Amino acid sequence: SLEEALSNMDVFMEFAEFLTESNGGAQNLEFWTEIQTYKKLPNSALRSNATQIFNKYFSEGSDHKLELGPAIISTIRSRMMTPSNSTFRGVENWVVAELEQKYFPKFLGLNPKAVAKIKAKAATKGSMKSSLHVGAGAGGPGGAGAGRGGPGGCV
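Residues numbered from 1 in each chain as written. Predicted model: local features only at pLDDT ≥ 70, side-chain atom pairs only at ≥ 80, totals over all residues. Heavy atoms only, no water.

1. Observations concerning the packing of helix H3 (residues 26–38) against helix H6 (residues 89–110)
- Contact pair H3 / H6: the axes reach a minimum separation of 10 Å and the direction vectors enclose 140°. With respect to each other, H3 and H6 are oriented oblique. Where H3 crosses over H6, the two elements pack in a sense that is left-handed. Of the residues in H6, those in contact with Asn28, Leu29, Phe31, Trp32, Ile35 and Gln36 of H3 are Val91, Glu92, Val95, Val96, Glu98, Leu99 and Tyr103.
- Tallied by class, residues from the contact of H3 with H6 come to nine nonpolar, two polar and two charged. (Axes fitted to C-alpha atoms, helices over the stretch in contact; angles between N-to-C directions. Helix = DSSP H or I, 4+ residues; strand = E, 2+ residues; numbered from the N terminus. Parallel < 35°, antiparallel > 145°, perpendicular 65-115°, else oblique. Left-handed = near helix turned anticlockwise from the far one by under 90°. Contact = heavy atoms within 4.5 Å. Nonpolar A, V, L, I, M, F, W, Y, C, P; charged D, E, K, R; others polar.)

So, in structure tokens, the structure goes:
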């Protein structure tokens, strides 16, 4: 699964390289990574970090801007008044769904070594069977309809 891949540093780095080289989605992974750090910050540091994240990923003209509708950005902007570790949760969920459905299946198909690493890690966790779906159909693994059309009302 994508979750297993992101928790394996070797596979994470290979996936990041895959996204950067020509496959798109690199800003999604970068956003996800920053949000993982943001969620662990003490409350006193949330406001300044939330502002930095907003400016980097949601401001017009940003090189890292995520393609979200104006209503989503407006909702996030209003949450910036009282930021919490869940300020960006809906967008984070959308980004994960995008990565899992749009990019991860292709990455797995082109990278059998990554598949082996993920399966090996899953086996060491006592998993009975890996949940990888190499060569999954259109949309890849994940919930039906997840990630389509942006994060919608789940911001």
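2. Side note on the side chain of Ser59
- Relative to the elements of secondary structure, Ser59 occurs in the loop between helix H4 (43–57) and helix H5 (70–79).
- Within polar-contact distance, the side chain of Ser59 engages the backbone oxygen of Asn55 at 3.4 Å.
- Setting aside its immediate chain neighbours within four residues, Ser59 contacts Phe54 and Lys65. (Polar contact = N/O pair within 3.5 Å; in protein donor to acceptor, adjacent residues only side chain to side chain.)

3. What about the packing of H3 against H4?
- For the pair H3 and H4, the least separation of the axes is 11 Å and the interaxial angle reads 175°. Judged by the angle between their axes, H3 and H4 are roughly antiparallel. Contact with H3, carried on its side by Gln27, Glu30, Phe31, Glu34, Ile35 and Tyr38, involves Leu46, Asn49, Ala50, Ile53, Lys56 and Tyr57 of H4 and no other residues of that element.
- Across the contact of H3 with H4, the residue classes tally to seven nonpolar, two polar and three charged.

4. Here's the deal with the nonpolar core
- Core analysis: the largest hydrophobic core is formed by 37 residues, its most contacted members being Phe15, Phe31, Phe58, Phe88 and Val91.
- Elements with a minimum of two residues in this core: helix H1 (2–6), helix H2 (9–23), H3, H4, H5, H6 and helix H7 (112–124).
- When residues of this core are assigned to their parent elements, the largest contribution, eight residues, is made by H6.
- Not counting chain neighbours up to four residues away, the residues in contact with Phe31 comprise Ile53, Tyr57, Phe58, Leu66, Phe88, Val91, Glu92 and Val95. (Core = buried A, V, L, I, M, F, W, Y, C linked by side-chain atoms within 4.5 Å. Buried < 20%, exposed > 50% of the residue type's maximum accessible area, 1.4 Å probe, protein only.)

5. Concerning the environment of Ala26
- Locating Ala26 in the fold gives a position in helix H3.
- You can call Ala26 partly exposed: its relative accessible area is 24%.
- Spatially, the C-alpha atom of Ala26 lies 6.5 Å from that of Ala16, the residues being 10 residues apart in sequence.
- Beyond its immediate sequence surroundings of up to four residues, Ala26 is in contact with Leu19 and Thr20.

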